[in-house]
Amino acid sequence: MGLLEAILISVIAASTPLLLAAAGELVVERSGVLNLGVEGMMIMGAACGFAGCWLTGSTFLGALCGIAAGAALSLVFAMLTLGLAVNQVAAGLALTILGTGLSGLIGAGFVGQRIVPAPHLDIPFITTLPVVGKLFFGQDGFVYFSILLVIAIWWFLYRTRAGLILRATGDNHTSAHALGYPVLKIRLLAVLFGGGCAGLAGAYLPLAYTPFFIPGMTAGRGWIALALVVFSSWRPGRLVGGAYLFGAVTILQLHAQALGLGIPSQLMTSLPYLATVVVLVLISRSRGIAGSAAPASLGMVFVPDR
Amino acid sequence: MKKLLMISAAIAAVAVAATGYNAHAADKLKVGFIYLGPVGDLGWTYRHEVGRQELVKALGDKIETTYLENVNEGPDSERSIEQLARTGHQLIFTTSFGYMDPTLKVAKRFPKIKFEHATGFKTAPNMGNYAGRFYEGRYIQGVIAGKMSKKGVIGYIGSFPIPEVISGINATMLGAQSVNPNIKVKIIWVNTWFDPGKEADAAKALADQGVDIIMQHTDSPAAMQVAAQRGILAFGQDSDMIKFGPKTQLTAIIDNWGPYYIKQTKAALDGTWKAGETWDGLKEKMVVMAPYTNMPDDVKALAEKTEAGIVAGTLHPFKCPVYGQDGKAVECKGGTHLAPGQILGMNFYVKGVDDKIPGK
Amino acid sequence: MQLVLEKRAERSTLIAVASPLIAIVLTLVTMSILFAILGKNPIAALNVYFVEPLTDTYTLGEIIVKATPLVMIGIGLSLCYLANVWNIGAEGQFLIGAVCGSWLAVVTNGTGAGYWVLPAMLVLGAAGGALYALIPALCKVRFGANEILTSLMLVYVAELILDYLVRGPWRDPKGMNFPTTAAFDPVATVPTLFDGSRVHAGSIIALLVVIAATVMLGRTIKGFEIRVVGAAPRAARFAGFSADRLVLFTFAVSGALAGLAGIIEVAGPVGVLQPGISPGYGFTAIIVAFLGRLNPIGILIAGLFLALTFIGGEGAQISMKIPLDLTKVFQGILLFYVLACDSMILYRIRLIATPKKSAPASVQGNVHGTA
């Protein structure tokens, strides 16, 4: 296995939880809702995903538990922000506090337990192909799912009527409502979908990445996922680019450190953040505001009049 | 239905009120702990929590313990310590370096309360400090790594470049050099104590760069698991991590705080407690090595011999002369070996480390 | 039958007064149920959370200490959010403010410099925070780069800058090479106000900031401009207000306030520059800003309230042995109740027979709900 190939495999693995969580949040935001509670939903997904896998012995059921936990937490958010017109930013941050606490309580009993990590899909002959074999075909199921998810989201948003309605809801909920679309119901579904994705992203960590659970193991990845949605300008294609860019710089700076170049590690560690900022500035500069698909109603309270 | 629920909740509340709130027992010594991370971090804080549990087991009928977890080292810690002092805790352990000045401040305000601060260097008449000589364990690991590494390269995952981590890297190298003078080390700083994903990424990067033994100074078993997946070897940190790498772990440095907590609490109960400076190691069993596994018998014997030498005091990891990266011998302030102060505040790499300390 | 939300014709004063009380009662009921399951006393818990911290002068002081940076940062953020500018990076501006102010404390350490040091440090802290905040502001104005991402990412960079400085150039030479600067001289320290309490002069500055913000928002053209640009950008353009200039202005002001809070925290309660000087103040202050409805007085109350939940939660850990995670769950639930009850000031829930469609005329609040 060559070094380049090894690095690429690490990059894909490191980017996958970011991509999963960000893909869900992208749909949420496209519907006009800003849920800043991604970190909280992720850590809940991690705790419940691990618990589910440990109890059932199945990675798949564990992942489902993670999805369910993330979605359940997002339902609380939806009830508050959609049902009671509570400010979304505050509710999202409170959701993160709640999720951190709940996951700690749920996960406490599972700290130090061990599970069998998610299997890597080995396809006879294909996986053993040089370079591309392991890279494209030897990953775990979460990796393939994250790619399929983004493709599905793209197809849904741009190629289906339902996606069009969802985007319209995010861009102008007043008009969408006037046209007779159930704005709150659409947003509820989007929020639940986003919660499920965040839960799955969280579950990926203890189920496949580092097969054990400790509280707070998401370590801020939810925040990075939120930033990546912004980076993507709310476009699924660019989201993939952003997630892999962040993952790539993260992994590469570790490799550069191992070479002993003598560059302060603080500078190396800050590179993924700086790179994302610089690339965003460059993209924004060349495309201007026109390149952004920011939903116009993002974060705004909507209460239908009857 | 809703009303019924409300009524039953109210009844439940009253019922609990009638029975509860009996946690107060005036004649028991209250012992408090301040933790840096969550108790379930599987690393540093977890080992202190295990120590506290051992204390409760040993002296549970005479004492009552309290802990505050996830206490920020900045503005919050002084309040958290003072809150313990104000609520009748007579002996307070603060378990991270960053609590040193806050502990000192509170100790001055509460001269009758006994304070114990971990891994610092300041004391007061009512504030002692304690730490483990973890570098002793690192030296043994270095000897093992020097013997076991076929490629002669150790991969080292560092958290932050504090003296304890630096002295660990140096002790490892000195141990390894004692059996393989050409040993090399690759160091990655992850700038966190607590991010399993990042620790795993660092371990993968080291493995990809051809390292065949991984050593870590971060808390989680992530690096051990990566090593297990890659079929290379690794050392555990803080706890015995053999469960996460049955065929991978060579040994582990175990933080063993329980005996110290029991000893000091007993002293406080007897009225013999004095503020001291404790720096215990393998001999006093504050630092314990996990069983030597996954290595041939001759390496195991060498490791055991090294351990015995350190315990007996015939072998000191930082025996003079110690050479810095520039090849010059470091001033030897402790007679035959570096003085404790030189090790506690270590900020240079020994000869053979081909890297630079970040920020230096 | 269906429950629907309906906007009130006017704010309900009754609910506005009762809302915090209702929230606490609801939390109590939830707590009672949870505590009953856990076998702990809910009345005692209520006492520990909300009464004890308020009946002891020490804990009262600590609430003020904790609330001071939250209020100061929250006020700055509220200006941004009122103008629809999304500064998420106050945490980073707080840290850089602390770094810039500390620079003077480090270089004058032990030189016997006079009383000018502290004021100069505060100015440097505010300036540093403002300049750091201007990076995302300029990226937005000049290149159109979304400020949510840039300001958030710069938080992590700020943490690493601080980390580098205290481990390297600014390390205390007598500190055994641990990552901290030397303890600040008395002339570089924010004085405390009372004996036996950590309440410091910074709290007075925070109060002045609240007053200044109230005056600015209520009585000045700038305050009017902020609200117009935020609520009706198109109208603002017709009125000749420049959105770009306002982005720079609000970022600079909020950065300055966060930076000021940072240097006050370091020169006050902490006393040295070290990593971990902020337990996430910059993020908690976002909740404070919205909990206070982006109103200066509201932010003052919200900051004190949130500080109370932290201190009360710590008390519960000590006296009732309630794990930290459980206190976090309570904090989350309490915030939800407060937010939900608060929403009832503007809306009411009505039970209707069947949802009927009529001429669509939607109520469109903007991000800040009330403005």
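Predicted model, so just to flag it, every value in this text is computed and none were measured.

Before going further, it helps to examine the overall build of chain B. Counting secondary structure elements, chain B contains 11 helices and 12 strands. Its C-alpha atoms give chain B a radius of gyration of 23 Å, within 12% of the compact-globule value 21 Å for 360 residues. Along the first, second and third principal axes, the C-alpha set of chain B runs to 75 × 55 × 40 Å. Per-residue burial for chain B yields a buried fraction of 57% across its 360 residues. Residue pairs at least 24 apart in sequence account for 63% of intrachain contacts in chain B once pairs closer than 6 positions are excluded.

Attention now moves to the interface of chain C and chain B. Every contact between the two is made by 39 residues of chain C and, on the other side, 38 residues of chain B. Among the secondary structure elements, those contributing two or more residues to the side of chain C that touches chain B are α1 (13-38), α2 (42-55), α3 (57-82), α6 (147-167), α10 (243-270) and α12 (296-319) of chain C. For the side of chain C that touches chain B, the leading source of residues is α1 of chain C, giving five residues.

Attention now goes to the interface of chain C and chain A. Counting residues at the interface gives 46 residues for chain C, matched by 48 residues for chain A. Breaking the side of chain C that touches chain A down by element, the ones donating at least two residues are β1 (2-7), α5 (117-143), α6, α11 (281-291), α13 (324-346) and β3 (363-364) of chain C. Of all the elements, α13 of chain C adds the most residues to the side of chain C that touches chain A, at 12 residues.

A word on the packing of α3 of chain C against α11 of chain C. All names here are of chain C. The geometry of α3 relative to α11 is characterised by a closest axis approach of 8 Å and an angle of 65° between their N-to-C directions. For α3 against α11, the interelement crossing comes out right-handed. Side by side, α3 and α11 meet where P69, L70, V71, I73, G74, L77, S78 and Y81 of the first sit next to Y281, G282, T284, A285, I286, V288 and A289 of the second. Across the contact of α3 with α11, the residue classes tally to 11 nonpolar, four polar and no charged.

What follows concerns the domain arrangement of chain B. Residue and element names in this part refer to chain B. One can read the domain layout of chain B as domain 1 (29-132) and domain 2 (135-248 + 286-344). Look at where the C-alpha atoms of domain 1 and domain 2 centre, and you get two points 29 Å apart. With 10 residues of domain 1 at the contact, the number on the domain 2 side is 11 residues. With three residues, helix α2 (residues 44-59) is the largest single contributor of residues to the side of domain 1 that touches domain 2. A per-class count over the side of domain 1 that touches domain 2 returns four nonpolar, four polar and two charged.

With that out of the way, let us pick up the packing of helix α11 (residues 236-258) of chain A against helix α7 (residues 196-208) of chain B. Direction vectors running N to C along α11 of chain A and α7 of chain B enclose 50°, while the axes themselves pass 9 Å from each other. The angle between α11 of chain A and α7 of chain B places the two elements in the oblique class. By crossing handedness, the relation of α11 of chain A to α7 of chain B is classed as right-handed. Between α11 of chain A and α7 of chain B, the residues in contact are T250, I251, L254, H255 and A258 of chain A and D201, A202, A205 and L206 of chain B, respectively. Of the residues belonging to the contact of α11 of chain A with α7 of chain B, the class tally is six nonpolar, two polar and one charged.

Of note, the amide linkage connecting C320 of chain B to P321 of chain B takes the cis form, showing an omega dihedral of 0°. Here P321 of chain B is to be found in the loop between α10 (297-312) and α11 (340-344). Residue A85 of chain A is not a glycine yet carries a positive backbone phi of 55°. Note that A85 of chain A resides in the loop between α3 (59-83) and α4 (88-107). The exposure class of A85 of chain A is buried, given the 24 C-beta atoms found within 10 Å. With phi around 70°, D238 of chain B is a residue other than glycine that occupies positive phi space. By the element assignment, D238 of chain B lies in strand β9 (residues 233-238). Since 25 C-beta atoms lie within 10 Å of it, D238 of chain B is described here as buried.

Residue and element names in this part refer to chain B. Turning to its location among the elements, K243 is positioned in the loop between β9 and β10 (249-255). Classification of K243 by C-beta neighbours within 10 Å gives partly exposed; the count is 15. Considered as a pair, K243 and V56 are 187 residues apart in the sequence and their alpha carbons are 26 Å apart.

Let's shift gears to the sheet that holds strand β5 (residues 127-132) of chain B. All names here are of chain B. With parallel pairing, the six strands of this open sheet are ordered in space as β2-β1-β3-β4-β5-β11. The outermost strands of the open sheet, each flanked by one partner alone, are β2 (63-68) and β11 (277-280). Here the average twist between neighbouring strands, direction ignored, is 15°. Pairing of strand β1 (residues 29-34) with β2, which is carried by six bridges, proceeds in the parallel orientation. Across the sheet, F33 pairs through a bridge with Y67, a residue of β2. Along the sheet, helix α4 (residues 100-109) contacts β3 (91-94), β4 (114-118) and β5; its crossing angle with β4, the most-contacted strand, is approximately 170°.

The rules we used
Residues numbered from 1 in each chain as written. Chains lettered and ligands numbered in written order. Predicted model: local features only at pLDDT ≥ 70, side-chain atom pairs only at ≥ 80, totals over all residues. Helix = DSSP H or I, 4+ residues; strand = E, 2+ residues; numbered from the N terminus. Rg over C-alpha atoms; globule rule 2.2 N^0.38 Å. Buried ≥ 20, exposed ≤ 12 C-beta atoms within 10 Å, placed from the backbone. Contact = placed C-beta atoms within 7 Å. Axes fitted to C-alpha atoms, helices over the stretch in contact; angles between N-to-C directions. Left-handed = near helix turned anticlockwise from the far one by under 90°. Nonpolar A, V, L, I, M, F, W, Y, C, P; charged D, E, K, R; others polar. Domains from an automatic or database assignment. Parallel < 35°, antiparallel > 145°, perpendicular 65-115°, else oblique. Pairing = 2+ DSSP bridges.

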